[in-house]
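# A look at the structure
Now for the letters of each chain:
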Amino acid sequence: MWVIDLPRELASNLVTVRHISDPSSGAVSVRSALTVNDILKDNEGVGPGFDTLRLLLSLWVFILHSFVVCWGAESAGEFAANPFHRILITPVLPMFFIVSGYLVTGSALRTQNTLTFLSFRALRIGPALIVEVTLSAMVLGPWLTEKSLLEYFSDPLFARYFLNITGNLHFFLPGLFESNPVSGIVNLNLWTLKPEFYCYLLISLLMFSKVIFNRRYFTLLGLVVLIAAAAYVVRGKNLHNFLAVVDWKFLILAFILGCLAYHWNHRIIVNRGRAMTAVLIACFAFMHPSLIIFGLLAVTYLVVYIGTCKLYLPGFLRDGDYSYGIYLFGFPIQQTLVHFLPSGLTNGFTVLALGLPLTVAFAMLSWTLVEKPTLKLKKRFKRSYQRVTPAPIADTH
């Protein structure tokens, strides 16, 4: 058996080609397979499509919420009750968490230091979150509240709202958006902070215990979690709320599946046929809540597949990572538009048309003025470790 070195252009399509000869028959067979690991190597360790995928997912959430803020909870629940509509709702947040698990595992394996890892996560999540919470409480609230400013600032809800920065969720500010169809809620998107913080805590514990650095041990842990989740489903427990949004425990499962996918980069073969099969499986599974585990497995493959593809983006969206800003600022902007729009124009299409440019503008400002500058502080922590492509993950210790 021997390996033939191919030109880079051909290697991008057929990375590994092995010719196996049988001396007795003179037969030669050719086997080729393009894995995730091959694509990462060709792109300096980076999946070329992951940033674009996160942006598309944040836009997906924004589009859904454009209609939810106009309908209110009852009408949105009726929409979500349709099995076909669940296909539009249920996958989006699990896909976010799969992306997060995949990329965060890569970060953990590169840093190999728990404090550095947590510092990187804090620098990525914290600054923009602090700005969004502060703007909502100090600008949006006083501007639109139905209470007097004295009542507003003296209300305990005002002080509690800042606890969102720590992951202690509070959705209400005094007298704000009380007449909206989604009454009183300032930023619904913040609810995903708690499971995200839990996921980072889990990775930190796995780094401290060294489990994250051992493929066999981590895979065993993942299988145990997957079996426990399947048992949870079999017992008929709630898998999502009345709006077809996945329960937070399944978001953590999605995160773990993303971590597992990174560990098995070298075995995951990517091709269009498998991706289309995964789409069909996911659509069918998310229409039937009892099959949610199969849906999560299918979209895990889809996330990794899309993350390895080079996706087109308009030029003005290539200069920054705007997905987090869109996710953070989208809902308050949508609620503000509903507050001002006359009843005849309060519909999802109007909110989408007016709100999306505003939200993208806020996201760009957040990236330029807050997120990008604070991420430069990573350099201070990088001095404590040598940034290299992670060595092959150990199968045993």
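Here the residue numbering is sequential within each chain, running from 1 through the sequence in written order. Reporting of local features is limited, given that this is a predicted model, to residues whose pLDDT is at least 70; pairs of side-chain atoms are given and counted only at 80 or more, and all residues count toward the totals for whole chains, interfaces and linings. Hydrogen atoms and water are omitted, and side-chain values are computed over all heavy atoms in the structure.

Take the overall build of the protein chain next. Along the backbone of the protein chain there are 17 helices and three strands. Whether a residue is buried, partly exposed or exposed follows from its accessible area with a 1.4 Å probe, protein chains only, as a fraction of its type maximum: under 20%, in between, or over 50%, in that order. Put simply, the protein chain has 397 residues, and 48% of those count as buried. For the protein chain, the exposed area adds up to about 19,800 Å²; of that, 65% sits on carbon and sulfur atoms. Starting at the N terminus, helices and strands are each numbered in turn, a helix being any DSSP run of H or I of at least four residues and a strand any DSSP run of E of at least two. Surface accessibility in these figures is a Shrake-Rupley result with a 1.4 Å probe; residues are shielded only by whichever protein chains are displayed.

One speaks of a salt bridge when a side-chain nitrogen belonging to Lys or Arg is within 4 Å of a carboxyl oxygen belonging to Asp or Glu. Applying the stated criterion to the full structure yields five salt bridges. Here Asp321 ties to Arg124 by a salt bridge, and the two come within 3.3 Å at their closest N and O atoms. Of the two residues, Asp321 sits in the loop between α14 (292-307) and α15 (323-340) while Arg124 sits in helix α7 (residues 114-144), which places them 197 residues apart along the sequence. The partner of Lys249 in a salt bridge is Asp247, with the nearest N and O atoms 3.0 Å apart. Using a relative accessible area of 34% as the deciding quantity, one classes Lys249 as partly exposed. Of the residues examined, Asp247 reaches a relative accessible area of 17% and is grouped as buried. Several salt bridges share partner residues, and in doing so they unite Asp51, Arg54, Arg124, Asp321 and Glu371 into one network.

Every angle, taken between N-to-C directions, lies between 0 and 180 degrees, and every axis is a line fitted to C-alpha atoms, over only the stretch in contact when it is a helix. Here helix α6 (residues 92-111) crosses helix α10 (residues 193-208) at 30°, and the two axes come no closer than 11 Å. By the angle class used here, α6 and α10 are roughly parallel. Seen from above, α6 lies across α10 with right-handed handedness. On α10, the residues touching Phe97, Ser100, Val104, Ala108 and Thr111 of α6 are Pro195, Glu196, Cys199, Tyr200, Ile203 and Met207. All residues other than Ala, Val, Leu, Ile, Met, Phe, Trp, Tyr, Cys, Pro, Asp, Glu, Lys and Arg, Gly among them, are scored as polar; the first ten of these are nonpolar and the last four charged. By residue class, the composition of the contact of α6 with α10 is eight nonpolar, two polar and one charged. Each angle is binned into one of four classes, with values under 35 degrees roughly parallel, values over 145 roughly antiparallel, values of 65 to 115 roughly perpendicular, and all other values oblique. Helix crossings fall into two classes, left-handed where the near helix is turned counterclockwise from the far one by less than a right angle and right-handed where it is turned clockwise. Throughout, a contact is declared for two residues whenever any of their heavy atoms are within 4.5 Å.

Let's shift gears to the environment of Thr52. In this fold, Thr52 is placed in helix α3 (residues 50-71). For Thr52, a relative accessible area of 7% corresponds to the buried category. Taking the C-alpha atoms as reference points, Thr52 and Cys309, 257 residues apart in sequence, are found 9.7 Å from one another. Those residues in contact with Thr52, other than ones at most four positions away along the chain, are Leu311 and Leu313.

Further remarks concern the nonpolar core. The biggest cluster of nonpolar side chains holds 94 residues, and the ones touching the most others in it are Tyr102, Ile203, Phe250, Leu253, Ile292, Ile293 and Leu296. For this core, the element with the highest residue contribution is helix α12 (residues 248-263), accounting for 12 residues. With sequence-adjacent residues up to four places away left out, Ile292 is seen in contact with Val233, Leu239, Val246, Phe250, Ala285 and Phe286. Here, the term nonpolar core denotes a set of buried Ala, Val, Leu, Ile, Met, Phe, Trp, Tyr and Cys residues that are joined through side-chain atoms within 4.5 Å. In terms of nonpolar packing, the next biggest core, distinct from the first, is built from nine residues, Leu55, Val360, Ala363 and Leu375 among them.

Orientation of α6 relative to α7, taken along the N-to-C sense of each, is 140°, at an axis distance of 9 Å. Classified by the interaxial angle, the pair formed by α6 and α7 is oblique. Where α6 crosses over α7, the two elements pack in a sense that is right-handed. Along the contact surface, α6 presents Val104, Ser107, Ala108 and Thr111, while α7 presents Thr116, Phe117, Phe120 and Arg121. A breakdown of the residues in the contact of α6 with α7 according to their chemical character gives four nonpolar, three polar and one charged.

Backbone geometry places Phe177, a non-glycine residue, at a positive phi of 60°. Among the secondary structure elements, Phe177 is positioned in the loop between α9 (156-161) and α10. On the basis of relative accessible area, Phe177 is assigned to the buried category, the value being 2%.

For the rest of this paragraph, the subject is the side chain of Ser366. Looking at where Ser366 falls in the secondary structure, it is placed in helix α16 (residues 348-375). Here Ser366 is in contact with Ala128, Phe329 and Glu371, once residues within four sequence places are set aside.

Here a helix's expected span is defined as the number of its residues, less one, multiplied by 1.5 Å. Taking 1.5 Å as the rise per residue, α7 with 31 residues should run 45 Å; its terminal C-alpha atoms sit 43 Å apart, in good agreement. Remark: the principal bend of α7, roughly 35°, maps to Ser136. In protein, a polar contact means a hydrogen-donor-capable atom and an acceptor-capable atom, both N or O and within 3.5 Å, with residues adjacent in sequence counting only if both atoms are side-chain atoms; elsewhere, any N or O pair within 3.5 Å suffices. For α7, the capping residue at the N-terminal end is Asn113, with a side-chain oxygen 3.1 Å from the backbone nitrogen of Leu115. Bend is the name given here to the angle between axes fitted to two runs of seven residues, the run ending at a residue and the run starting at it.

Looking now at the side chain of Thr111. You can see Thr111 is positioned in helix α6. Note on Thr111: relative accessible area 4%, which makes it buried.

This next bit is on the packing of aromatic side chains. We call Phe, Tyr and Trp rings a pair once their centres come within 6.5 Å, taking the six-membered ring for Trp, and we label the pair stacked below 30 degrees between planes, edge-to-face above 60, and tilted otherwise. A full pass over the atoms with the stated rule returns 14 aromatic pairs. When the centroid spacing of 5.4 Å and the interplanar angle of 40° are considered together, the rings of Trp143 and Phe340 count as tilted. Note that Trp143 is positioned in helix α7 and Phe340 in helix α15, a separation of 197 residues in sequence. The class for Phe340 is partly exposed, based on a relative accessible area of 48%. Judged by centre distance (5.5 Å) and plane angle (85°), the ring pair of Phe158 and Phe162 falls under edge-to-face.

In this model, the protein chain carries a mean pLDDT of 86, and residues with pLDDT of at least 70 account for 87%. Low pLDDT, under 50, characterises residues 1-31; the stretch is placed with 40 contacts to residues that sit more than four places away or in other chains. Confidence of the predictor at the level of single residues is given by pLDDT, which spans 0 to 100.

Another point: α14. The end-to-end C-alpha separation of α14 is 22 Å, in line with the 22 Å expected for 16 residues at 1.5 Å each. Burial analysis of α14 places 13 of its 16 residues in the buried class, the great majority of the element.

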